[in-house]
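So you can see what is in the structure, the chains are spelled out below.
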Amino acid sequence: MHSDWHVGSGTGRAELDSIVQRDADDLPYLPAKTLTGILRDGCEQVAQALDSGMTGQWNDWLKVLFGDQPALATTPLEDEPRPAIVSIHSAHLDENLRQSLKQKQKLRTAIAFMKPGVAIDPESGCALNKYLRFEEMVRQGAVLTAEAQLDFSDAYPDLSPDEYLPFVQGLLTAGAKMVQRLGGKRRRGNGRCEIELDWGQTGDPLTWLKDNYDQVPAVPKLHSENCAVSLNDNSLNADGTWVTVPLTLTTQSPLVLPARTVGNLVECLDYIPGRYLLRYLHKKLGVYVNISQAIASNALILTNATREIDNQPGRPTPFCLFGEKLDGGLSKGRNVYNRFQEADPQGIQLKGERGGYLGPWTDNALPAYKKVDLALYTHNTINDEIQRPSAEVGGLYSYEAIPAGLTFQAELRLSATVQQKLSEKVNNWQDLLVGETRIGQSKKDQYGGVEITVGSPANSSNTQAGKSQDNSSDNHLYVWFLSDVLMRGDRLNPTLNPDDFTQALEKELGVRLKLRETPNCFSMMLRQRRTESWQVRWGLPRPSLLGWQAGSCLAYEIEGNLDPEKLQQVAIRGIGDRRAEGYGQLSFNDPLLTDKQLSSKQRNSDLDKSQQPNSNVVLLSKNSNTQTTNKVPNDVFKYARIIEKAAWREAIQTKALALAEGPETRQSVLGITINGEDSCPPMSQLGGLRSVLGKLRKREDPNAVSTWINALKQVDNRQEKWPGKSLDQIKQLVTDTNQIWQILNLDYKTLTLTDSGTAKLQANLWAEAVRTLVDAMIRAHKRDLEKAQTTKNP
């Protein structure tokens with residue numbers, strides 16, 4: 001970045017009207033959407049030029065690279081939209097620099113600064129009243145790096161990329177050359193940048209393009225996904241035992257998993273629905289077994305991935321739990337009531353627990369509790385004609401997202417027949433699922449990165465889902481919805497009638513169920529949820545899903561003999577529609593719901609408080625890697641110097657102002673005092689000192705001040721105006737290069753990033769530090785003098 005830059009978050013903070021976007025490490029970065037949009041804009045200019053201003057093959061290749069935009073299409077699309085083969089991730093600072101900045105808050109703050117601005121009246125050309133604003137700017141000199149992929153395999157699986165790759169490289173490289181600025185206020189000097197694409201040892205794409213631009217090949221035909229699947233393999237049934245494979249998902253980038261859209265805000269789920277992983281499952285295992293047939297036969301289930309707690313998938317908080325409103329609840333780990341078993345405590349106000357996930361149950365304490373704190377990202381779509389966001393092309397919009405770095409757990413459940421078929425063809429078939437994928441909305445750019453690992457398969461009856469189902473509890477059945485449940489009524493329409501669920505459960509278990517009747521306690525806590533989904537390629541909404549929300553729970557009285565085998569099968573296979581996608585998961589007679597003394601229990605508070613940040617400070621170096629230094633490229637080292645210099649300046653200013661407030665400090669440093677209503681020396685003399693100090697620019701030239709002091713001493717009338725040895729003190733301050741740093745006493749460890757930073761900055765900022773301290777002390781002296789004069793002569 002060759003100038004200061006601003007990629008805004010769409011929000012403000014305290015005195016700042018607009019702050020820059022920051023990543024999970026609280027550092028500025030370039031969002032992938034910004035990079036993709038600006039690069040596409042550059043490629044559009046190149047394609048237009050190569051097609052001589054007409055719509056030709058280069059423009060068609062542009063759509064191959066970046067995909068169609070159905071929402072902006074002016075004519076109907078007869079074929080399905082082309083997906084993008086270019087995937088660009090967000091650009092971040094150098095990893096070594098990031099690690100160093102993570103340990104030092106003052107330096108993270110110094111990477112940006114506050115810039116004032118004002119709106120101008122177009123008629124008068126003057127500043128408008130009440131339009132003063134402050135924006136955050138990132139300092140120039142930053143070098144940010146992003147990964148990008150070209151993937152022909154999904155849309156053009158039969159294509160040989162080698163034939164087309166030079167054209168793609170040429171177009172992208174030429175498009176990158178067209179990008180000169182990015183971010184906000186880029187037409188006012190900000191955001192000047194240069195984008196370089198690293199293609200390895202493939203030669204210069206621009207030279208190749210210059211010689212071959214008129215031989216552009218025809219756009220390849222899009223490979224349509226075959227949605228019709230064969231369902232003739234009836235051997236994949238759901239009978240017999242089940243095998244469970246634990247899946248661990250770690251988010252590598254934020255995930256946008258739409259729950260619903262409100263205005264221009266896309267709200268996000270706090271879990272990963274199983275449906276988002278089905279495509280990945282098809283790609284990994286589809287060549288060995290008919291996944292679609294297994295789903296249709298209810299012989300394969302992929303549960304929702306929820307926040308990992310104690311190495312187990314978290315369970316949604318049951319709605320029968322209530323916490324004391326003033327001093328209790330799951331978040332505090334105390335005073336939680338199970339209203340299925342405990343009556344309303346008189347005189348204590350309760351509040352229902354909503355949201356969050358619980359860990360495994362322990363008999364003597366409340367289970368662990370975690371929530372997913374969603375992040376918010378704001379983007380905009382630029383209208384090319386006015387070069388601003390506008391409602392016609394989308395305008396401003398925001399995504400809620402699951403942050404990067406969180407771990408979730410899910411389960412892949414297979415019937416014995418499916419597992420046997422897989423084992424016959426591949427040993428350790430579950431290892432095929434290990435890898436990385438991208439899911440959710442906007443997954444081609446900065447969102448959706450997930451890393452998947454697997455555990456050892458186990459018989460489902462031995463897993464927590466299978467074991468926790470007790471036969472009955474005092475002839476009662478407690479049902480806990482571990483995921484949303486979708487049911488259909490008599491007319492096959494979505495239903496939210498509890499009786500429909502009861503009838504379906506009766507049919508599965510072969511018993512009669514009656515809602516429990518217990519005075520002072522609840523027996524049914526149901527909430528509904530409407531989930532929206534999205535057709536990614538077309539950019540159009542899918543039908544809404546309406547069902548009961550995870551965390552709902554019921555308590556029944558059983559009439560008849562309950563078969564524990566059937567209970568276990570329902571717990572594993574689920575109930576209702578779309579069970580293969582994670583819906584319909586239930587837990588029966590969980591000890592949390594049957595506990596009659598929950599309010600007397602607390603959570604163990606022996607949390608690990610040893611998670612202190614790593615105290616091993618590693619500095620950046622241009623020359624060598626050692627135990628205390630990391631070698632970084634020259635441009636990264638140079639930017640680190642810019643940051644630490646800004647941090648030092650801020651620290652010098654702050655410390656100087658603090659020291660100047662004390663009259664005793666001013667007297668000990670400069671020898672200046674206030675005697676009654678008079679300043680010693682007079683303010684005119686101090687004005688002369690400030691004037692001559694203005695000539696002090698570097699450590700090598702304190703002579704101007706010394707000469708001024710020597711000349712002063714030769715005139716008795718002037719020397720007498722300076723009390724005691726104040727002139728000698730000032731001369732000592734400007735000749736002893738260490739004294740200013742001893743007086744300021746800065747915390748150099750928290751302000752330094754580079755290996756030789758302290759010595760270099762002390763040399764470079766010495767004169768500035770002296771001027772700042774003396775100026776601050778004279779100003780504070782003047783303020784105190786005016787107070788004294790005002791007090792004496794009100």
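Residues numbered from 1 in each chain as written. Predicted model: local features only at pLDDT ≥ 70, side-chain atom pairs only at ≥ 80, totals over all residues. Heavy atoms only, no water.

What follows covers the overall build of the chain. Per the secondary structure count, the chain includes 23 helices and 39 strands. Counting only C-alpha atoms, the chain reaches 115 × 80 × 60 Å along its principal axes. Within the chain, buried positions represent 46% of all 794 residues. Contacts spanning at least 24 positions in sequence make up 74% of the contacts within the chain whose residues lie at least 6 apart. Surface accessibility of the chain: about 40,000 Å² in total, with carbon and sulfur atoms responsible for 46%. Positive and negative side-chain charges in the chain, numbering 92 and 95 respectively, have mean positions lying 6 Å apart. (Helix = DSSP H or I, 4+ residues; strand = E, 2+ residues; numbered from the N terminus. Buried < 20%, exposed > 50% of the residue type's maximum accessible area, 1.4 Å probe, protein only. Contact = heavy atoms within 4.5 Å. Areas by Shrake-Rupley, 256 points an atom, 1.4 Å probe, with all protein chains shown as cover. Lys, Arg positive; Asp, Glu negative; His and termini not counted. Charge placed at Lys NZ, Arg CZ, Asp CG, Glu CD.)

With that out of the way, let us pick up the packing of helix 15 (residues 663–670) against helix 19 (residues 726–735). One way to put it is that helix 15 packs onto helix 19 with a least axis distance of 7 Å and a crossing angle of 80 degrees. For the element pair helix 15 / helix 19, the angle class is roughly perpendicular. Across the interface between the two elements, Gln667, Ser668, Val669 and Leu670 of helix 15 pack against Ser726, Gln729, Ile730 and Leu733 of helix 19. (Axes fitted to C-alpha atoms, helices over the stretch in contact; angles between N-to-C directions. Parallel < 35°, antiparallel > 145°, perpendicular 65-115°, else oblique.)

We now examine the confidence of the model for the chain. Mean pLDDT for the chain: 87, with 92% of residues reaching 70 or above. Low confidence marks residues 607–613, where pLDDT is under 50. Its contacts with residues over four positions away, or in another chain, come to zero contacts. (pLDDT = per-residue confidence, 0-100.)

Attention now moves to the state of the cysteines. Inspection of the entire model under this criterion finds zero disulfides. There is no disulfide at cysteine 43, and the cysteine sulfur nearest it, in cysteine 193, is 14 Å away. With no disulfide of its own, cysteine 553 lies closest to cysteine 320 among cysteine sulfurs, the gap being 3.8 Å. (Disulfide = S-S within 2.5 Å.)

Okay, helix 3 (residues 95–102) next. Listing the buried residues of helix 3 in full gives Leu97, Arg98, Ser100 and Leu101. In a view along the axis of helix 3, the buried residues occupy a sector of 165 degrees, so they form one face of it. Where helix 3 is buried, its residues touch helix 4 (105–110), strand 36 (619–621) and helix 14 (634–660). Where helix 3 begins, one side-chain oxygen reaches toward the backbone nitrogen of asparagine 96, 3.0 Å away; that side chain belongs to aspartate 94. (Arc of directions from axis to C-beta. Polar contact = N/O pair within 3.5 Å; in protein donor to acceptor, adjacent residues only side chain to side chain.)

Spatial ordering of the open sheet is given by 6-7-20-17, a layout of four strands whose pairing is mixed. Single-partner strands in this sheet number two, and they are strand 6 (258–262) and strand 17 (375–380). The sheet shows a mean angle of 20 degrees between the axes of neighbouring strands, taken without regard to direction. Sheet topology places strand 17 next to strand 20 (residues 396–401); six bridges connect them, and they run antiparallel. Bridge pairing in strand 20 links leucine 376 to glutamate 400. (Pairing = 2+ DSSP bridges.)

The complete set of buried residues in helix 6 (residues 205–212) reads Pro205, Leu209 and Asn212. Burial along helix 6 is one-sided: seen end-on, the buried residues are contained in an arc of 85 degrees. In helix 6, those exposed residues whose orientation departs by more than 90 degrees from the buried face are Lys210 and Asp211. Buried residues along helix 6 sit against helix 2 (57–66) and helix 5 (161–178). At the N-terminal end of helix 6, a side-chain oxygen is found 3.1 Å from the backbone nitrogen of leucine 206, two or three residues along, and the residue is aspartate 204.

Turning to the pattern of salt bridges, a few remarks are in order. Following the criterion strictly, the structure yields 28 salt bridges and no others. For the salt bridge of glutamate 135 with lysine 185, the shortest nitrogen-to-oxygen distance reads 3.1 Å. You can see glutamate 135 sitting in strand 3 (residues 127–138) and its partner lysine 185 sitting in the loop between helix 5 and helix 6, a full 50 residues away along the chain. The class of glutamate 135 is buried, set by a relative accessible area of 15%. Between arginine 260 and glutamate 267 there is a salt bridge, with the nearest N and O atoms lying 2.7 Å from each other. A network of salt bridges, in which partner residues are shared, links Asp23, Asp25, Glu95, Arg98 and Lys102. (Salt bridge = Lys/Arg side-chain N within 4 Å of Asp/Glu carboxyl O.)

All right, on to the packing of aromatic side chains then. Across all of its chains, the model carries 14 aromatic pairs by this definition. Ring geometry for tryptophan 61 against tyrosine 164: centres 5.2 Å apart, planes inclined by 40 degrees, an arrangement best described as tilted. Of this pair, tryptophan 61 sits in helix 2 while tyrosine 164 is found in helix 5, placing the two residues 103 residues apart along the sequence. For the pair phenylalanine 481 and tryptophan 548, a centre-to-centre distance of 6.5 Å together with 75 degrees between the ring planes defines the contact as edge-to-face. Here phenylalanine 481 is found in strand 25 (residues 476–481), whereas its partner tryptophan 548 is found in strand 33 (residues 545–548), with 67 residues between them in sequence. The exposure classification of phenylalanine 481 matches that of tryptophan 548, with both residues buried. Put simply, the rings of Tyr377, Tyr397, Tyr399 and Tyr447 pair up and form one aromatic cluster. Over the face of the ring belonging to phenylalanine 522 we find arginine 339, whose NZ or CZ atom lies 4.4 Å from the ring centre. Stacked on the ring of phenylalanine 340, the Lys or Arg arginine 516 has its end atom at 5.7 Å from the ring centre. (Phe/Tyr/Trp six-rings, centres within 6.5 Å; stacked < 30°, edge-to-face > 60°. Lys NZ or Arg CZ within 6 Å of the ring centre and 35° of its normal.)

Our focus in this paragraph is unusual backbone geometry. Cysteine 680 connects to proline 681 through a cis peptide bond whose omega is 0 degrees. Even without being glycine, aspartate 26 reaches a positive phi, approximately 65 degrees. Assessed through its relative accessible area of 33%, aspartate 26 is described here as partly exposed. For asparagine 745, which is not a glycine, the phi torsion comes out positive at approximately 50 degrees. Turning to its location among the elements, asparagine 745 is positioned in the loop between helix 20 (739–744) and helix 21 (748–751).

Here we come to the environment of aspartate 26. Note on placement: aspartate 26 falls in the segment before helix 1 (32–50). Distance from aspartate 26 to arginine 108, taken between C-alpha atoms, is 7.5 Å for residues 82 residues apart in sequence.

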